[in-house]
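The chain contents come next:
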Protein chains: 2
Amino acid sequence: MTTASPELTRNQSLVLETLAKAEGPLSAYTILDKLRDDGFRAPLQVYRALDKLLGFGLIHRLESLNAFVACAHPHCHAHGLIAFAICEKCGQVDEFSDEVVQKRLAGWAEDHRFKAEKTTIEIRGRCANCLAA
Amino acid sequence: MTTASPELTRNQSLVLETLAKAEGPLSAYTILDKLRDDGFRAPLQVYRALDKLLGFGLIHRLESLNAFVACAHPHCHAHGLIAFAICEKCGQVDEFSDEVVQKRLAGWAEDHRFKAEKTTIEIRGRCANCLAA
DNA sequence: TGGTGAATGTTATGACATAACATGTTATTG
DNA sequence: CAATAACATGTTATGTCATAACATTCACCA
Ligand SMILES: [Zn+2]
Ligand SMILES: [Zn+2]
Ligand SMILES: [Zn+2]
Ligand SMILES: [Zn+2]
């Protein structure tokens, strides 16, 4: 599914570090701005690095945000179906997976002879901290 | 959750009919092009109608495609959690819901004191027809 | 050493979405 | 019948996300 990662190039490392340091998801253009001082000039420099990092499974794309986050479990490299809980207030993203949900969706696909290639689960709302405040 | 729909305005009806007639999801700009002959000139005319129709629950937005589809069950107006299976080949979209998945995600949210406001589930892949062909 | 493939740099363009403001349309209601 | 309020619409401009196309550089190995 995901390609094994050799070592990262300079651009890939910079982008990954930027995401890893960030509080929440970042858009490609936000990453670009943060990396101007490191010589980044054009969106493609970011998008190309993001593509590779996605392939390595080191980051994820949040479809409902058009943004990217560093993987919360970059070592358990073979995580199956992943879900994201995204706080609309503080931007915090919680990455988790659920066997039951995964099996259930796989069951639906099998019943309908649908060959799933990529599944997106994103829950938008308010996190515990933001609700408490 | 969704507001009750009074009757639709001319623009809203045109946009909804366009989506209902379509084979698959349409982007806002594709809808705009299809409605040029009906007097549509600017993206906002489409986006405003789409916003209302989303509020009425008559259409859905597919986050992973930046596109829109007519609701497959526009009468069962109170559908809970919806999932979409999207064929990458023919564009067909299958809209379904699953009680178990819904309860499971609600359980996660409760456990983590996360207040879910909108949940997206989108499965991309190949439909039965396209796999047979 | 030179040739191959991958990564990078750069410019331009395409695709998706909204801000801001003016105008029109349709009830209420005094 | 105004006056008004609420909503829908039209229009221009701009903002945001993503890729096409092409030139150059780099790392590696025959
Ligand atoms: Zn992950
Ligand atoms: Zn929060
Ligand atoms: Zn529906
Ligand atoms: Zn298909």
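Scroll up a little and you will see the structure.
Treat the numbers as computed from the prediction; the structure is a model and nothing was measured. (Residues numbered from 1 in each chain as written. Chains lettered and ligands numbered in written order. Predicted model: local features only at pLDDT ≥ 70, side-chain atom pairs only at ≥ 80, totals over all residues. Heavy atoms only, no water.)

1. What about the protein's contact with DNA strand D?
The condition is simple: What makes a residue near a molecule or strand is one non-hydrogen atom of that residue sitting within 4 Å of it. Nitrogen and oxygen atoms within 3.5 Å of one another constitute a polar contact, given that in protein one can donate a hydrogen and the other can accept it, and given that sequence-neighbouring residues count only through two side-chain atoms. Secondary structure counts use DSSP, requiring at least four H or I residues in a row for a helix and at least two E residues in a row for a strand, with both numbered from the N terminus.
Close to DNA strand D lie 15 residues, the nearest being A:Tyr29, A:Arg61, B:Thr9, B:Gln45 and B:Arg48. Close to the protein, within 4 Å, the atoms of DNA strand D are drawn from sugar and phosphate at a rate of 44%. A:Tyr47 places a side-chain nitrogen or oxygen 3.1 Å from a phosphate oxygen of DNA strand D. Within the contact set of DNA strand D, a phosphate oxygen lies 2.8 Å away from a side-chain nitrogen or oxygen of B:Thr9. Going through the elements one at a time, helix H3 (43-56) of chain A together with helix H1 (10-21) and helix H3 (43-56) of chain B are the ones with two or more residues in the surface near DNA strand D.

2. Some points on H1(B)
Every α-helical turn comprises 3.6 residues, leaving residues that sit three or four positions apart pointing alike. Residue and element names in this part refer to chain B. We apply this condition: Here a helix's expected span is defined as the number of its residues, less one, multiplied by 1.5 Å. Partly exposed residues are those whose accessible area sits between 20% and 50% of the maximum for their type, while under 20% is buried and over 50% is exposed, using a 1.4 Å probe and protein chains only. Whether two residues are in contact is decided by their heavy atoms: any pair within 4.5 Å suffices.
Here H1 contains 12 residues, and its C-alpha end-to-end distance of 16 Å stays within 8% of the 16 Å for a straight helix at 1.5 Å per residue. Buried residues of H1: Gln12, Leu14, Val15, Leu16, Thr18 and Leu19, and no others. Along its buried surface, H1 packs onto helix H2 (28-34), H3, strand S1 (59-62) and strand S2 (67-70).

3. Here's the deal with the nonpolar core
Note the threshold: Grouping buried Ala, Val, Leu, Ile, Met, Phe, Trp, Tyr and Cys residues that are joined through side-chain atoms within 4.5 Å yields what is termed a nonpolar core.
If you look at the biggest cluster of nonpolar residues, it comprises 28 residues, and the most contacted ones within it are A:Leu105, A:Ile121, B:Leu105 and B:Ile121. Among all residues touching B:Ile121, those that are not within four sequence positions of it are A:Leu105, A:Thr120, A:Ile121, B:Leu81, B:Ile82, B:Ala83, B:Phe84, B:Val101 and B:Leu105.

4. Details of the sheet that holds strand S4 (residues 93-96) of chain A
The criterion, for reference: A strand pair is defined by DSSP finding two or more bridges across the two strands. As a rule, the C-alpha atoms of each element are fitted with a line to give its axis, helices using only the stretch in contact, and angles between N-to-C directions run from 0 to 180 degrees.
Strand order in the open sheet formed by 6 strands is S4(A)-S3(A)-S5(A)-S5(B)-S3(B)-S4(B), with mixed pairing between adjacent strands. Across the chains shown, the open sheet's two edge strands, defined by having one partner strand only, are S4 of chain A together with strand S4 (93-96) of chain B. This sheet shows a mean twist of 20° between the axes of neighbouring strands, independent of strand direction. Pairing of strand S3 (residues 83-87) of chain A with strand S5 (residues 115-126) of chain A, which is carried by 5 bridges, proceeds in the parallel orientation. Bridging from a neighbouring strand, A:Phe84 pairs with A:Glu122 of S5(A).

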